[in-house]
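Remarks on the overall topology
Chain by chain, the residues:
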Amino acid sequence: MVIRVNYDADDNLSVVEASEICLKCGVCCVVKEHSCHAQLDSQFSPKCTYVYDCLGMDLPSENPNIWLCVSCHKCEEMCPYEVSPIRFIESMKAKAFEDGLAHPVIFGEVANIVSTGFAFPLTVSSSRQRQQLGLEPLNESAAEDLMKIAEKTGLSGKIDKYRGEEL
Amino acid sequence: MKYSFFKGCFLSVRLPHLERVSVNVLGELGVELKETRGFSCCPEPVGFLSTDKLTGMAIAARNISLAEEEGLDILTLCNGCTYSLRHVNHALKADEEAREKVNEVLSETDHQFRGTVDVKHFASVLMNDVGLDRVARKIEKPLKGLTVAGHTGCHIVSPPEIMAFDDPFDPQVLDKMVNVLGSEPADFDLKTLCCGWTLTNYGDKDGADKLLGAKLESMHRAGSDCVSVICPQCFYQFDMGQLLASRRLGLDFSVPVLFYLQLLGLAMGYSLEDIGLKRHRTKSSGFEEKILEALG
Ligand code: SF4
Ligand code: SF4
């Protein structure tokens, strides 16, 4: 398999260069105790590793597997050629999000953080547990600032667009 | 020792009993936790910080600025929160252009990032600020005879230049923290393998089960009575995740998980009830018997 990258997928030259110098040695994935955990997903093998899969697609940001990356940096530490697959995958995630292709769970989480300040919804059961344990109640007081931030950076627009497309 | 307390949303919403025991235990060690008003999600590194970097950095910078306004370093209870906040703190302290860009976004709020505080995981605070000597002096019931598999997790160690916690390929810090409890760290071969959080949430369940099964077997083979973690997501994987995976895989053993501060609480004389063990999903009678024996 030849590593192919859609060059206009990212304007960060160093990321593109990094993907070009991957020698397909597999070190970043196949050493079970030190390398990429996503390799354990049943679709990958030493012949077609998780990192080859991410780096080898024509349109990497359309590859749902990019969402398996946990940003642990192990590939970066393990790679003898300083390829840094994590940087490539993170930029693909950003592009996918921009294009409305984010994993639905990720999209829900991002939208939730902006509108409530929390990644996970506050539930009646968690409030009750906190009260039983004598802990301060949680509140959504950060949400107002977060919505202003998301408005300014354009994230709110992306969320609205994505929601519109979903309907 | 006073810190701005960044409890993190996963722990405070899903695992509040860990917040309770953490506050109690740290308090007894002289760590004062200030309830800073207005913190939001860190934001979470895998889905947010890596997908919309500018917004993610601005949210993290806003959180850091709240602690700056109080003149306090941040104490966290989660590897993910530590990763997001330390990465952004590091990037914005080092890069003036990025700082200006983020502060321009923050000008919509009443906050600005100045770069005046540090972000510390509670394990770093125990190691460097409290000191293991002081921790050792608080141990009333050494957990003798207990073998503990230390799972450090990924985000707290990488990259070491930013996280400054431990060697990603040969982590030793958690084992030292286990030793101080009077218990024995397990020597298991898949020590640095991830807990599998993203595979469970965004990947295929078979892969996640395979990963968890391999990791648990490696701990079990090494004679572990339990696994100790310093991250709530890892905790959830080893607790709820183990319950589900072991049913699917038909495992005939279990490795109960404890947040490190729960184990420390036990060694300081807390009961199983005090540390909230009844809220855990993965149980092991062998583990509970050993603990009751140690607590006398
Ligand atoms: S950073 Fe992503 S690609 Fe690299 S080893 Fe970790 S999960 Fe795998
Ligand atoms: S270790 Fe580096 S060169 Fe080898 S396959 Fe992974 S990214 Fe490519």
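Predicted model only: the values in this text are computed from it and were never measured. (Residues numbered from 1 in each chain as written. Chains lettered and ligands numbered in written order. Predicted model: local features only at pLDDT ≥ 70, side-chain atom pairs only at ≥ 80, totals over all residues. Heavy atoms only, no water.)

**Section: the site of ligand 2**
Neighbouring ligand 2 are 13 residues; A:Cys22, A:Cys25, A:Gly26, A:Cys28 and A:Cys79 lie closest to it. When grouped by side-chain class, the residues that make up the shell around ligand 2 number eleven nonpolar, one polar and one charged. (Near = heavy atom within 4 Å. Nonpolar A, V, L, I, M, F, W, Y, C, P; charged D, E, K, R; others polar.)

**Regarding the sheet that holds strand S1 (residues 2-6) of chain B**
Residue and element names in this part refer to chain B. The strand order across the open sheet formed by four strands is S2-S1-S3-S4, and the pairing between neighbours is parallel. A strand with exactly one partner marks an edge of an open sheet, and here the two such strands are strand S2 (32-34) and strand S4 (119-121). Pairs of neighbouring strands in the sheet enclose a mean axial angle of 45 degrees, with direction left out of account. Of the pairings in the sheet, the one linking S1 to strand S3 (residues 74-76) comprises three bridges and is parallel in character. Note on S3: the bridge partner recorded for Ser4 is Ile74. Lying on the sheet, helix H7 (residues 122-137) is in contact with S1, S3 and S4; it crosses S4 at an angle near 90 degrees. (Pairing = 2+ DSSP bridges. Helix = DSSP H or I, 4+ residues; strand = E, 2+ residues; numbered from the N terminus. Axes fitted to C-alpha atoms, helices over the stretch in contact; angles between N-to-C directions. Contact = heavy atoms within 4.5 Å.)

**Let's talk about the domain arrangement of chain B**
Residues and elements named next belong to chain B. By the assigned domains, chain B splits into domain 1 (2-123) and domain 2 (140-291). A C-alpha centroid distance of 25 Å is found between domain 1 and domain 2. Across the boundary between the two partners, domain 1 contributes 26 residues, which contact 34 residues of domain 2. Of the roughly 2600 Å² buried at the junction of domain 1 and domain 2 (both faces included), carbon and sulfur atoms supply 76%. Area buried by domain 1 at its contact with domain 2 is led by Phe10, His17 and Asn79, which between them contribute 23% of it. Here domain 1 is connected to domain 2 by zero salt bridges. At the boundary of domain 1 and domain 2, one finds six residue pairs in polar contact (both at pLDDT 80 or more). (Domains from an automatic or database assignment. Buried area = accessible area lost by both parts, 1.4 Å probe. Salt bridge = Lys/Arg side-chain N within 4 Å of Asp/Glu carboxyl O. Polar contact = N/O pair within 3.5 Å; in protein donor to acceptor, adjacent residues only side chain to side chain.)

**Focus: the domain arrangement of chain A**
Per the domain assignment, the segments of chain A are domain 1 (7-98) and domain 2 (104-163). Here the C-alpha centre of domain 2 of chain A lies 30 Å away from the C-alpha centre of domain 1 of chain A.

**What to know about helix H6 (residues 104-116) of chain A**
Helix length check: H6(A), at 13 residues, gives a terminal C-alpha distance of 18 Å against a target of 18 Å (1.5 Å per residue), a fit within 8%. Where H6(A) ends, the next residue or the one after it, A:Gly117, has phi of about 90 degrees, a positive value. (Expected span 1.5 Å × (residues − 1).)

**Comments concerning the environment of B:Gly131**
Residue and element names in this part refer to chain B. With respect to the helices, strands and loops of the structure, Gly131 is situated in helix H7. Counting along the chain gives 157 residues from Gly131 to Glu288, while the straight-line C-alpha distance between them is 29 Å. The residues contacting Gly131, other than those within four sequence positions of it, are Val125 and Leu126.

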